[in-house]
Amino acid sequence: MNMLQYLDENGHIKNPEGFKRLGLTTDDIKKWYRWMLTLRIFGEHANRAAALAVDDSDPHNKLVPLYVSPRGQEAAQIASAYALGKDDWLFWYMRSHGGLLVKGIDLQLMWKIFMGILTPDDMQHLLTLGIMPYYIIVGGHLMHAVGKSWGNKLSGKTNAISMACFGDGTVATGSFHSTLNFSGIHKIPTILFCENNGIALSTPNELESATPIFKKALAYGITGERVDGRDPFAVYDAVKRHTANARLTGYPALIEAVVDRLDDHTSAMPAKTKAWEQKLAEAAQRDPLPRFKKFLQHEAQEYFGFTWTEEDDANLRDKVEAEVKLGAEIALEKRKGMSGAAVVAQEEVQAREEQTDELYRNLESISFAPPEIPDARGITALNFALHDIMQTDPRVIILGEDVAAVGSVFQQTSLPVKFVKKYLPEQIENLTSHCLPLLNIFGKNRVIDTPLDENGIVGSAIGLVLAGYRPIVEIQFGGFIWACMEQIVTQLSQLRHRSKYVLKLPIVIRVPYGGGPWLPHHREFEAPALANLPDLILMCPSTAQDWYDIMWAAIACDKPVIIFEDKNLHRDDILKDILLRRPPHVQIEEIGIRVARPGTDVTLVSYGRLVYQCLDMAEVLQKENISVEVLDMRRLAPLDQQTLIKSVQKTGRIMYMGEEPKEYGLGAEVISTAALSDTYDYLQARPARIGPERVNQPDPPFWKYYFPRNEEIIKKIRGLVKYEFIQK
Ligand SMILES: Cc1ncc(C[n+]2csc(CCOP(=O)(O)OP(=O)(O)O)c2C)c(N)n1
């Protein structure tokens, strides 16, 4: 196999001149060996700790819940991280924790990571060193590395780049493709460091990839190189060269370090295939530790002027062994002092804490008094919200498919011609034939047409946050959000938790939805499937002012917010109203249910376009002396329980109406909130819900027969009012 190598399997330098040019010192060499040994010895102890239960009460609760051994990959991990600069970030996967030592963590902290007992202070320390929390989802971290480097590049900090480490199985994921594609197109200086140990759990590399890994770079217009990953000099040389080039030119690189996995897949899952076991003895011959020891014994004298004896080696091992044990003892002591109940309770508080960005906590600092818009519709409110936010906060950028040159498919990321002429005459020359794309005002570094890759977009947005940005992502149609569920579910809704709530995630995702005569994936309502995910705030405005205010409140919030915008309301005249353009005056948590119409007999709960249908039906029912209170949810999740309960306690009756199939829909939460609380005692009728059956929407000509129809609403509400509650 062709690959860069300085150190042969017997510990001899193959290319003396090239080796000397690496400019390594005695100090470098000794540090490397010490770290490699530390990693090896730590791994042996961690594997043992992974077999020990914390106490007799629960044999499954191990001291180390899961250990993923880097045995055989130490040289690649230590030398690659050593080639990074102080400000570079490391996006690691579980097996690849050697780089953490190089970046500066001590053994106590390493133990805490694997024991699962990190505190917020520990996490803050890791982030300060440029180390991300751990990732379990294969490939989940790759786009975060790209986004971070991208953000650095956009803000001119070209000296700080990211390195993402991953295994050969990861090459099969969509995230790998996204990573190479984004970084190739936008010249994002990221080092993609693949530790190819030839096997992914039990699956050999030839079943993950039909071509050599490093050659894939070519297809994306970036550089690829293969090195012997058991030779730290080759690894160091490659990473050093490519990071220097990345800093200078912005070019990313894919480095394939060929290594051997000399241990089980994980402590919990040995995955000893016959093929792997057969190759183990041969692979052990390439073990980087004995190889490096031989180098020290054979070559250190010639190249660095010192000798390395068996005694030196034994002394170092003893020292490292003692350090590893001491680290474990300190970590164990800390563990003893932790109460499980207190940790869980604290996390609940942290998760719910309001998180408003500093800039928006002090509104006086925002000088902002643009003229009101007298006849704004939903789209106008959205247009001006985005414009005003971009103008006020330079950290905000817009990302998405077709958001730049054309100003989005519904012109959400643009300004309409007539308003530009009236309010922004200085921008007239930037108009296209039909609008003023925000791109033409804020430039290509702030309004970015991304590749057609939703998972890549959300992943890069998370990385951009790490570089100080506050991205607004557009998902072109709600139906396409499924293409980024991996990032939304496993990262956006969980990363704050994995970072012990130290990381902030100010990302806003806008999702146009709304039933109508359209093809599949352009008409569904996706919020119910997301509402069960912790840490996401889901919003849905139905007035022009709310559209504006919610967008601002979302951008001020340090938690991820997903805004569902009913595209049926974009240009509906029913929304026409005076739009006050104002900085965020309420926190997103305070934007709960809006009482769209007060009433006394029945509480009718809905969202988006349906609110207007509810209002119409309330008008009809009023003529029969049935007074309906219409609630516009606005915040779909978490639900504004207080306002809901107050209303139901007043009316004694509740009905939910939604666009989504009613089974497992948002109505389940709305109704159970009323029925499971003290409000149950106020109920005079069994709660009702109305909405489509749990089937897909029909073809376009028949769409109206799917959604709640007026007659049904009237009938159900009449029934509610006549109802005698069975138990009463
Ligand atoms: C998306 C996803 N699918 C499956 C898994 C289960 N899993 C964990 S590690 C692993 C193999 C990873 O192989 P590779 O990328 O080569 O890294 P290695 O473990 O060999 O270092 C698998 C299948 C996972 N964590 N995430």
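Description of the structure in this document. Everything numeric in this text was worked out from a predicted model, so none of it was measured.

With that settled, consider the pattern of salt bridges. Under the defined criterion, the tally for this structure stands at 43 salt bridges. E321 is the partner of K325 in a salt bridge, and the nearest nitrogen-oxygen pair spans 4.0 Å. With K325 and E321 both in helix 13 (residues 310-336) and 4 residues apart, the pair spans about one turn of that helix. The class for E321 is partly exposed, based on a relative accessible area of 25%.

Next up on the list: the packing of aromatic side chains. Under the defined criterion, the tally for this structure stands at 35 aromatic pairs. Ring plane angle 50 degrees and centroid distance 4.6 Å describe the contact between Y513 and F525, whose orientation is recorded as tilted. Taken together, the residues Y513 in strand 14 (residues 508-513) and F525 in the loop between strand 14 and helix 22 (527-531) connect sequence positions 12 residues apart. This pair shows no difference in class: Y513 is buried, exactly as F525 is. Judged by centre distance (5.6 Å) and plane angle (70 degrees), the ring pair of F525 and F564 falls under edge-to-face.

The sheet built from 7 strands is open, its strands ordered 12-9-13-14-16-15-21 with mixed pairing. Since the sheet does not close on itself, it has two edges, and those belong to strand 12 (447-449) and strand 21 (635-637), each with one partner. Put simply, the sheet's adjacent strands are angled 25 degrees from each other on average, direction ignored. Across 6 bridges, the pairing between strand 14 and strand 16 (residues 561-566) is parallel. Each residue of the ladder has a partner; that of I509, found in strand 16, is I562. Those strands touched by helix 23 (residues 544-556) are strand 9 (396-400), strand 13 (470-474), strand 14, strand 15 (537-539) and strand 16, and its axis lies near 165 degrees from that of strand 16.

Conventions adopted
Residues numbered from 1 in each chain as written. Predicted model: local features only at pLDDT ≥ 70, side-chain atom pairs only at ≥ 80, totals over all residues. Heavy atoms only, no water. Salt bridge = Lys/Arg side-chain N within 4 Å of Asp/Glu carboxyl O. Helix = DSSP H or I, 4+ residues; strand = E, 2+ residues; numbered from the N terminus. Buried < 20%, exposed > 50% of the residue type's maximum accessible area, 1.4 Å probe, protein only. Phe/Tyr/Trp six-rings, centres within 6.5 Å; stacked < 30°, edge-to-face > 60°. Pairing = 2+ DSSP bridges. Axes fitted to C-alpha atoms, helices over the stretch in contact; angles between N-to-C directions. Contact = heavy atoms within 4.5 Å.

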